[in-house]
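Here are the chains, one letter per residue:
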Amino acid sequence: MKRFPELSATCIMPKLTLKLIVLLMTGGVIAGLVGIALITLLHQIQQAVYAISRTDGVTFRIMVEQTSGIHRFLALLSCGVIGGLGWWLMHRFLPKLVEIKKAISSAATPLPFCTTLLHGLLQIVTVGMGSPLGRESAPREISSALMEQCIRRLHLSSDERKLLLACTAAAGLAAVFDVPLAGALFALETLLISFHFTAVIAALICCTIAAWVGSLALGGMPTYHLPELHLNQALLLWAVLLGPIIAISSWLLQRQLRACQPKNRQNPQQIFISIVAFSLIGMLSIWLPEILGNGKAGNELSFADAITWRYALALLIGKWLAVLLASRGGAYGGFITPSMMLGSMLALILACLWNSALPEISTIAACIIGACVFLAVQQKMPVTAIVFIVEITEVTPHIIMPIMLCLLSALPTQTYLQKISSS
């Protein structure tokens, strides 16, 4: 045990008392209600910015595609103004922003409520206007900040606080995507780094309630509707070969994202940089409207086999640049759906290349594998990524085999790249 003190520390769990169970249920309700409020706000902003009503069958992709290129450019220009000014004011005048993982690991660094609330709302506003980052960070952060307020008044132990914050944060993810099991695994694999029995039960309680509450208003349908997939032995070999390519791509993206992070967010110059960065994204969207938003638009196309490899290549480059530009502009947001889009586009291109000379494989299955593995590698959550993909697509469980084979070649490559980059 002396060799792994940090591991033993993460495994210390409080007793699952009636009081703690009630608080976990409360956290689930909070996360569900926050998810409903934020997704409703997101949809209202999308309708206001793109002047198209969001009715059944009209997704954000359709809304964006039906507007003119100039409209999209002006929307992203406005996004740069609001995001740049909003985040500059937050960093300049409000208490310092605290990451969820840091708040969970240390009771001495609580989540500042006003800062976290504004931070989350800015993410939803900018994603609704077309920012290429994800929407899932905001419900996690705001839900955790609200739970933090409850914890302060109840004088709970540090272990109880850690468990409640982690489960409530993961419940925010479960609520907006309707993924109770993936949400629970996210708490265990990424936030708590523990599969202790108490942690498992706590995460399941909180995330299940959050997903149920969220589904009451947001619906319980899968995010993506897939046709029947045709899997064969050739797909298994292709998946193994895909793994290292995804690992290298993810490693490159992570390095570029770190290089793009603003050095001084309190400098007023950052407002101008944000406006320029989002204006460039707006210019790209004139030709590539699907790069706007969190990435669902691109996934809808690739998962339906509705685009050619040439357009997939253009979307891969465009989305990649858009994510880097948004980061340089000082924007915040999640990386779950953007990672999926990058992975699915990369996989579609490589699957078409394979099919040109070798036994044919399903391009839709290839896109599912690419999306899942890129997400797993980029966010360092392989178990969560697999369950997440299954829950949001309701894909046949047979897809897990090629995903696992792809991960078996991707994860060692990722470890090797991290080793040589740190040496």
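In every chain, residue numbers begin from 1 and rise along the written sequence. Since the coordinates come from a predicted model, pLDDT governs what is reported: local features require at least 70, and pairs of side-chain atoms require 80 or more to be given and counted, while whole-chain, interface and lining totals use all residues. Where side-chain values are given, they derive from all heavy atoms of the structure, hydrogens and water being excluded.

(A) Highlighting a positive patch on the surface. Each patch is assembled from residues with relative accessible area greater than 30% and no salt bridge, linking like charges that lie within 9 Å and nonpolar side chains (Val, Leu, Ile, Met, Phe, Trp, Tyr) that lie within 5 Å. For accessible areas, the Shrake-Rupley method is used with a probe of radius 1.4 Å. Any residue's cover is judged against the shown protein chains and nothing else. Note on definitions: salt bridges are taken to be side-chain nitrogens of Lys or Arg within 4 Å of carboxyl oxygens of Asp or Glu. When charges are counted, Lys and Arg contribute as positive and Asp and Glu as negative, whereas His and the chain ends are disregarded. Charged groups are reduced to one reference atom each: NZ for lysine, CZ for arginine, CG for aspartic acid, CD for glutamic acid. Together, K101, R255, R258 and K380 make up a region of like positive charge exposed at the surface. Helix and strand labels come from DSSP, where a helix needs a run of H or I of at least four residues and a strand needs a run of E of at least two; each type is numbered from the N terminus. For R258, the location among the structural elements is in helix 11 (residues 233-260). Here the term buried applies to any residue with accessible area under 20% of the maximum for its type, exposed to any over 50%, and partly exposed to those in between, with areas from a 1.4 Å probe on protein chains only. Classification of R258 by relative accessible area gives exposed; the value is 55%.

(B) Inspection of the layout of surface pockets at higher detail. Detection works on a 1 Å grid of protein atoms alone, calling trapped sets that fit a 1.4 Å probe cavities and calling open sets with protein on both sides within 12 Å along at least five of seven lines pockets, with lining residues defined by an atom within 4 Å of a point. Grid points are joined across faces, edges and corners, and a volume is the space filled by probe spheres set on the points. Its boundaries defined by the atoms lining it, the largest pocket holds a volume of some 1400 Å³. Those elements giving two or more residues to the lining of the largest pocket turn out to be helix 5 (100-105), helix 6 (113-129), helix 7 (137-154), helix 9 (180-192), helix 11, helix 16 (363-379) and helix 18 (400-422). Among the elements that make up the lining of the largest pocket, the one with the highest residue count is helix 11 (four residues). Classification used: nonpolar for Ala, Val, Leu, Ile, Met, Phe, Trp, Tyr, Cys and Pro, charged for Asp, Glu, Lys and Arg, polar for all others including Gly. Looking at the lining of the largest pocket residue by residue, the class counts come to 13 nonpolar, 15 polar and ten charged. For the second largest pocket, the calculated volume is near 1000 Å³.

(C) Structural detail: the environment of T126. Checked against the element boundaries, T126 lands in helix 6. Classification of T126 by relative accessible area gives buried; the value is 1%. Residues T126 and G333, spaced 207 residues apart in sequence, show a C-alpha to C-alpha distance of 9.0 Å. Here, residues are in contact when the closest pair of their heavy atoms is within 4.5 Å. In this structure T126 touches C79, G83, W87 and S131, once residues within four positions along its chain are discounted.

(D) Representation of the nonpolar core within the structure. Working definition of a nonpolar core: buried Ala, Val, Leu, Ile, Met, Phe, Trp, Tyr and Cys residues. They are joined through side-chain atoms within 4.5 Å. Of all hydrophobic cores here, the largest spans 133 residues; its most connected members are Y50, W238, M340, I369, V373 and F388. The residues touching V373, leaving out its near neighbours within four places in the chain, are I246, I403, C406, L407 and A410.

(E) Region of the structure containing the confidence of the model for the protein chain. You can read pLDDT as the predictor saying how much it trusts each residue, on a scale of 0 to 100. With 97% of its residues at a pLDDT of at least 70, the protein chain reaches an overall mean of 92. Here residues 1-11 is modelled with pLDDT under 50, and outside its nearest four sequence neighbours on either side it reaches eight contacts, counting other chains as well.

(F) Quick peek at helix 8 (residues 158-177). The terminal C-alpha atoms of helix 8, which comprises 20 residues, lie 29 Å apart, in line with the 28 Å expected from a rise of 1.5 Å per residue. Of all 20 residues that make up helix 8, 18 are buried, and the element is covered over most of its length. Positive backbone phi, approximately 55 degrees, marks D178, located one or two places after helix 8. How far a helix is expected to stretch is found by multiplying one less than its residue total by 1.5 Å.

(G) Up close: empty space enclosed by the protein. With the rule as written, the count across this model stands at one cavity of 30 Å³ or more. Taken together, G83, G84, W87, W88, H91, R265, Q270, G329 and G330 make up the full set of residues lining the largest cavity. The greatest single-element share of the lining of the largest cavity, amounting to five residues, is contributed by helix 4 (residues 69-93). In terms of residue class, the lining of the largest cavity is built from two nonpolar, six polar and one charged.

(H) Representation of the packing of helix 11 against helix 15 (residues 336-355). Lines fitted to C-alpha atoms define the axes, with helix axes restricted to the stretch in contact, and inter-axis angles between N-to-C directions lie between 0 and 180 degrees. At a minimum axis separation of 10 Å, helix 11 and helix 15 run at an interaxial angle of 135 degrees. Considering the angle they form, helix 11 stands oblique to helix 15. In this structure, the crossing between helix 11 and helix 15 has a hand that is right-handed. Counting all contacts with helix 11, which are made through A234, L237, W238, L241, L242, I245, I246, S249 and L253, the residues of helix 15 involved are L342, L346, A347, L350, A351 and W354. Residues belonging to the contact of helix 11 with helix 15 are distributed by class as follows: 14 nonpolar, one polar and no charged. In these notes the angle categories are as follows: under 35 degrees is roughly parallel, over 145 is roughly antiparallel, 65 to 115 is roughly perpendicular, and the rest is oblique. With the far helix as reference, a near helix turned anticlockwise by less than a right angle produces a left-handed crossing, and one turned clockwise produces a right-handed crossing.

(I) Geometry of the state of the cysteines. Cysteine sulfur atoms are paired as a disulfide whenever they fall within 2.5 Å. Under the defined criterion, the tally for this structure stands at zero disulfides. There is no disulfide at C367, and the cysteine sulfur nearest it, in C352, is 7.8 Å away. Take C367: its relative accessible area is 0%, and that puts it in the buried class.

(J) How the structure looks around the packing of helix 16 against helix 17 (residues 382-393). The interhelical angle for the contact between helix 16 and helix 17, taken along N-to-C directions, is 140 degrees, at an axis separation of 8 Å. Taken together, the axes of helix 16 and helix 17 are oblique relative to one another. Crossing handedness for the pair helix 16 and helix 17: right-handed. Residue-level contacts link I368, C372, L375 and A376 of helix 16 to P382, A385, I386, F388, I389 and T393 of helix 17.

(K) Here's a closer look at the environment of Q270. Mapped onto the elements, Q270 comes out in helix 12 (residues 269-287). Separated by 186 residues in the primary sequence, Q270 and G84 place their C-alpha atoms 6.7 Å from one another. The contact partners of Q270, leaving out residues within four places of it in the chain, are P262, N264, R265, R328, G329 and G330.

(L) Spotlight on the side chain of T116. Following the sequence through the fold, T116 ends up in helix 6. In this view, T116 contacts L111, E141, I142 and A145; residues no more than four positions away in its chain are not counted.

(M) Structural view of the pattern of salt bridges. Under the counting rule described, the total for this entry stands at three salt bridges. Across the pair E300 and R61 runs a salt bridge whose closest N-O atoms are separated by 2.9 Å. Highlighted residues: E300 in helix 13 (residues 296-302) and R61 in helix 3 (residues 60-65), separated in sequence by 239 residues. Through salt bridges with shared partners, one network takes in R61, E65 and E300.

(N) Highlighting the packing of aromatic side chains. Side-chain rings of Phe, Tyr and Trp, where Trp is taken by its six-membered ring, are said to pair if the distance between their centres is within 6.5 Å; with planes under 30 degrees apart they count as stacked, over 60 as edge-to-face, and otherwise as tilted. Scanning the entire structure with this criterion turns up five aromatic pairs. Measuring from centroid to centroid gives 5.5 Å for W87 and Y332, while their planes differ by 50 degrees, and the two rings are tilted. Of the two residues, W87 is situated in helix 4 and Y332 in the loop between helix 14 (309-328) and helix 15; the sequence distance between them amounts to 245 residues. Both residues of the pair, W87 and Y332, count as buried. Ring centres of Y224 and F303 lie 5.0 Å apart, and the angle between their planes is 80 degrees; on these two criteria the pair is classed as edge-to-face. Placement of the pair is Y224 in the loop between helix 10 (197-218) and helix 11 and F303 in the loop between helix 13 and helix 14, with a sequence separation of 79 residues. Overall, F303 belongs to the buried group, its relative accessible area being 2%. Cation over ring: R135 sits above F177, and NZ or CZ is 5.0 Å from the ring centre. In this scheme, the term charge over a ring applies when either NZ of a lysine or CZ of an arginine sits within 6 Å of the ring centre and within 35 degrees of the ring normal.

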